[in-house]
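Notes for the structure review
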Amino acid sequence: MSSIPETIRVVIPLAVRRRNGRPRILPPADIEAASDGQTPDPRLLRAIARAWDWRRRLDRGEAATLKDIADAEGVTVPFISRFLRLAYLSPEVLQRLLIHRHPCALSLDRLAATALVSWIEQPDMVFDE
């Protein structure tokens, strides 16, 4: 019987730099951002960065439960649960938001809920096109 991988690894070439103590997501230098002059809300970018940080903590075993993360962050478990979904957005949505800097047509709460939809449907829901 052939073994099928149980996980999918998505690699997005981003750099995270701290500015004034806060993480800032930077696209690769060879990628052009959206040319219409609009950029995504910085709160959205921070929320995605936090979600990926929480996901990595769980994956590495640095946190065993969402409660561990909530206690460390000083927020509630439902808050962590809701926004952790941002780490599970489709690769295409993440690439367009983070690398190409296309603006999102949804609120942060609705974007987090969109992560529950199939990857194929997400881009049409997230971007005004």
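Up top is the structure these notes are about.
Residues numbered from 1 in each chain as written. Predicted model: local features only at pLDDT ≥ 70, side-chain atom pairs only at ≥ 80, totals over all residues. Heavy atoms only, no water.

Below, the discussion takes up the pattern of salt bridges. Across all of its chains, the model carries eight salt bridges by this definition. Here Glu73 ties to Arg50 by a salt bridge, and the two come within 3.2 Å at their closest N and O atoms. Remark: Arg50 occurs in helix H1 (residues 42–60) and Glu73 occurs in helix H2 (residues 66–73); sequence separation between them is 23 residues. Under the relative-accessibility criterion, Glu73 is labelled partly exposed at 28%. (Salt bridge = Lys/Arg side-chain N within 4 Å of Asp/Glu carboxyl O. Helix = DSSP H or I, 4+ residues; strand = E, 2+ residues; numbered from the N terminus. Buried < 20%, exposed > 50% of the residue type's maximum accessible area, 1.4 Å probe, protein only.)

The next thing to look at is the packing of H1 against helix H3 (residues 77–84). One can describe the packing of H1 onto H3 by two numbers: an axis separation of 9 Å at closest approach and a directional angle of 105 degrees. With respect to their mutual orientation, H1 and H3 come out roughly perpendicular. Two secondary-structure elements touch here, H1 through Arg50, Ala51, Trp54, Arg55 and Leu58 and H3 through Phe79, Ile80, Phe83 and Leu84. A class-by-class count of the residues in the contact of H1 with H3 yields seven nonpolar, no polar and two charged. (Axes fitted to C-alpha atoms, helices over the stretch in contact; angles between N-to-C directions. Parallel < 35°, antiparallel > 145°, perpendicular 65-115°, else oblique. Contact = heavy atoms within 4.5 Å. Nonpolar A, V, L, I, M, F, W, Y, C, P; charged D, E, K, R; others polar.)

Looking at helix H4 (residues 91–99), one finds that the buried residues are Val93, Leu94, Arg96, Leu97, Leu98 and Ile99. After H4 finishes, the residue Arg101 shows a positive phi value of roughly 60 degrees.

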